[in-house]
Amino acid sequence: MHKYIQYYSSPLGRMIMLSDGENLTGLWFEKQKYQDQDTAMEKDIPLFGKVISYLDSYFAGQQPLCDFPLKLETTAFRQLVYHYLMMIPYGQVTTYDELAKVVASRTGKRKCAQAIGQAVGHNPIGIIIPCHRVIGKNGKLTGYAGGLDKKAALLKLEKADLKNLYIPENKTTL
């Protein structure tokens, strides 16, 4: 299967979009850790137009809806973490510890915040899967593969209240 790549100029720097032709499989800031773009061919495909519209709206301070398919090629544990990341509302934050609690309640296995942090740090589809909305339990910004300056800027754009935590609930099905 082919991989396609295209670039987006965001206010925070150039971003890389990756697709299998039908699904968005990656979205990173350039020079970010944990990228997978080695065998991708640069091509303008219709999906990228939808992603660009989403990003344009997001960086204009709006709350866009994702109306295109995402595909995550990762472990079941990380998919579960990304599922809960998608539940964090625009402009709100949660902690690695809170995510660990809800994942543990879902799986029946104790998961530490460090394991959650590794999964969050390897998020292949930044912004849309909002890993930037996860902070340390002390309220400090920690761990963002794109850089803490970008994490702070994204939370500022969303006017996030770092003192009012969103507590994920284990009520939804996957």
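Up top is the structure.
Counting restarts for each chain: residues are numbered from 1 in the order of the written sequence. Totals for whole chains, interfaces and linings use all residues, but because this is a predicted model, local features are given only for residues with pLDDT of at least 70 and pairs of side-chain atoms are given and counted only at 80 or more. With hydrogens and water set aside, each side-chain value is computed from the structure's full complement of heavy atoms.

Focus: the overall build of the chain
So, step 1. The helix and strand labels rest on DSSP assignments: H or I over at least four residues marks a helix, E over at least two residues marks a strand, and numbering proceeds from the N terminus. Looking only at helices and strands, one finds five helices and six strands in the chain.
So, step 2. What you see in the chain, going N to C, is helices and strands ordered as β-β-β-β-α-α-β-α-α-β-α.
So, step 3. Both definitions apply: the radius of gyration is a C-alpha atom measure, and the globule rule equals 2.2 Å times residues to the power 0.38. Taking 2.2 N^0.38 as the reference for a compact globule, 174 residues should give roughly 16 Å; the C-alpha atoms of the chain span a radius of gyration of 16 Å, in line with that estimate.
So, step 4. Each principal axis of the C-alpha distribution contributes one length, and for the chain these read about 40 × 35 × 25 Å.
So, step 5. The buried share among the 174 residues of the chain stands at 44%.
So, step 6. Across the chain, every contact between residues at least 6 apart in sequence was considered, and the portion connecting residues at least 24 apart equals 62%.
So, step 7. When the accessible surface of the chain is summed, it comes to about 9200 Å², and 49% of that surface belongs to carbon and sulfur atoms. Remark: exposure states derive from per-residue accessible area (1.4 Å probe, protein chains only) relative to the maximum for the residue type, with buried under 20%, exposed over 50%, and partly exposed in between. Here a residue-residue contact requires only that any non-hydrogen atoms of the pair lie within 4.5 Å. Residue-level accessible areas treat just the shown protein chains as cover; the underlying method is Shrake-Rupley with a 1.4 Å probe.

Some thoughts on the nonpolar core
So, step 1. Formed by 40 residues in total, the largest nonpolar core has its most connected members in L24, L85 and I127.
So, step 2. Every element with two or more residues in this core is listed here: β1 (4–10), β2 (13–19), β3 (24–29), α1 (46–59), α2 (76–86), α3 (96–107) and α4 (113–121).
So, step 3. The element contributing the most residues to this core is α1, with seven residues.
So, step 4. Dropping the residues within four chain positions of it, L85 is found in contact with L99, V120, I129, P130, C131 and V134. Within this scheme, the nonpolar core is defined by two criteria: the residues are buried Ala, Val, Leu, Ile, Met, Phe, Trp, Tyr or Cys, and they are joined through side-chain atoms within 4.5 Å.

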